[in-house]
Amino acid sequence: MGATDAAAKQPGKRRGAARERLLAAASRRFYADGVSATGIDTITAEAGVAKMSLYNNFASKADLVVAYLDARHEEWMELYRRRLEGVRDGDGRGGVLAVFDAYTDHAAFAYENGFRGCGLLNAAAELPAGDEGRAVVRRHKEEVESLLAAHLEELLPGRPGEARALAEHLAFLLEGAMARAGLEGAGTRVEHARTMAADLLDRL
């Protein structure tokens, strides 16, 4: 690659690096302080970039919030995939518990102000009805419930209705545990929910 080619590529690299810094800073501040309480100036200062850099990478603060929610979804999916690596093919029970374990892993992160519950639901609670960010959160929750249902269908072959109903039950158990864990600042309730889910599965 010639010097001209390398120089031509640098602006894109700089933009990419700035975007990652902005998203990382927004993720820390949105989770620790809330979406509404976090201004653009706070994010750009923490990211160490100019305000114009934010608008070069995101159309608006709302666009940045959606990117944050997408990134948090992907972060959880990666934790779930890692947990699933230790589960045998066809092991529906192990698959269901991998979902719970991924939430436990997320709760165990070293958050700046401690664990505050589900970052997706926390953000959704601040957003108005019809906001694109709320749609991102809804899709995440629907995907988690679909994952539970798919694993349960392995445990309940030929009984898809029962699998879907039980997936909804477990999703409610998980969400309630996350809400209590967020209030208490620790993932203990999620661990208890996992134990309850395991006991329920053992009785199928």
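Small disclaimer: the values here were computed from a predicted structure and weren't measured. (Residues numbered from 1 in each chain as written. Predicted model: local features only at pLDDT ≥ 70, side-chain atom pairs only at ≥ 80, totals over all residues. Heavy atoms only, no water.)

Let's talk about the UniProt feature "DNA-binding region" (unreviewed entry) in the chain
- Those residues carrying the UniProt feature "DNA-binding region" (unreviewed entry) are residues 39-58 in this numbering.
- The span residues 39-58 carries 75% helix and 0% strand; its end-to-end C-alpha distance comes to 14 Å. (UniProt positions renumbered as here; feature names shortened; annotations may be inferred. Helix = DSSP H or I, 4+ residues; strand = E, 2+ residues; numbered from the N terminus.)

Section: the side chain of R72
- In this structure, R72 sits in helix α4 (residues 61-84).
- For R72, a relative accessible area of 8% translates into the label buried.
- Setting aside anything within four residues of it in sequence, one finds R72 in contact with Y31, H106, Y111, G117, G119 and L120. (Buried < 20%, exposed > 50% of the residue type's maximum accessible area, 1.4 Å probe, protein only. Contact = heavy atoms within 4.5 Å.)

Regarding the packing of aromatic side chains
- In the structure shown here, the tally under the stated rule is six aromatic pairs.
- Measuring from centroid to centroid gives 5.5 Å for W76 and Y80, while their planes differ by 5°, and the two rings are stacked. Taken as a pair, W76 and Y80 lie in helix α4 at a separation of four residues, close to a single helical turn.
- Ring plane angle 55° and centroid distance 5.2 Å describe the contact between W76 and Y103, whose orientation is recorded as tilted. Highlighted residues: W76 in helix α4 and Y103 in helix α5 (residues 92-107), separated in sequence by 27 residues.
- Members of the aromatic cluster, joined through ring pairs, are Y31, F109, Y111 and F115.
- The ring of Y31 carries R116 above its face, with NZ or CZ at 6.0 Å from the centroid. (Phe/Tyr/Trp six-rings, centres within 6.5 Å; stacked < 30°, edge-to-face > 60°. Lys NZ or Arg CZ within 6 Å of the ring centre and 35° of its normal.)

Remarks on the confidence of the model for the chain
- Predicted confidence across the chain gives a mean pLDDT of 92, with 93% of residues reaching 70 or more.
- Averaged pLDDT values over the elements of the chain bottom out at 74 in helix α1 (residues 3-33) and peak at 98 in helix α7 (residues 132-155).
- Between residues 1-9, whose pLDDT stays under 50, and residues either more than four places distant or in other chains, the model counts two contacts. (pLDDT = per-residue confidence, 0-100.)

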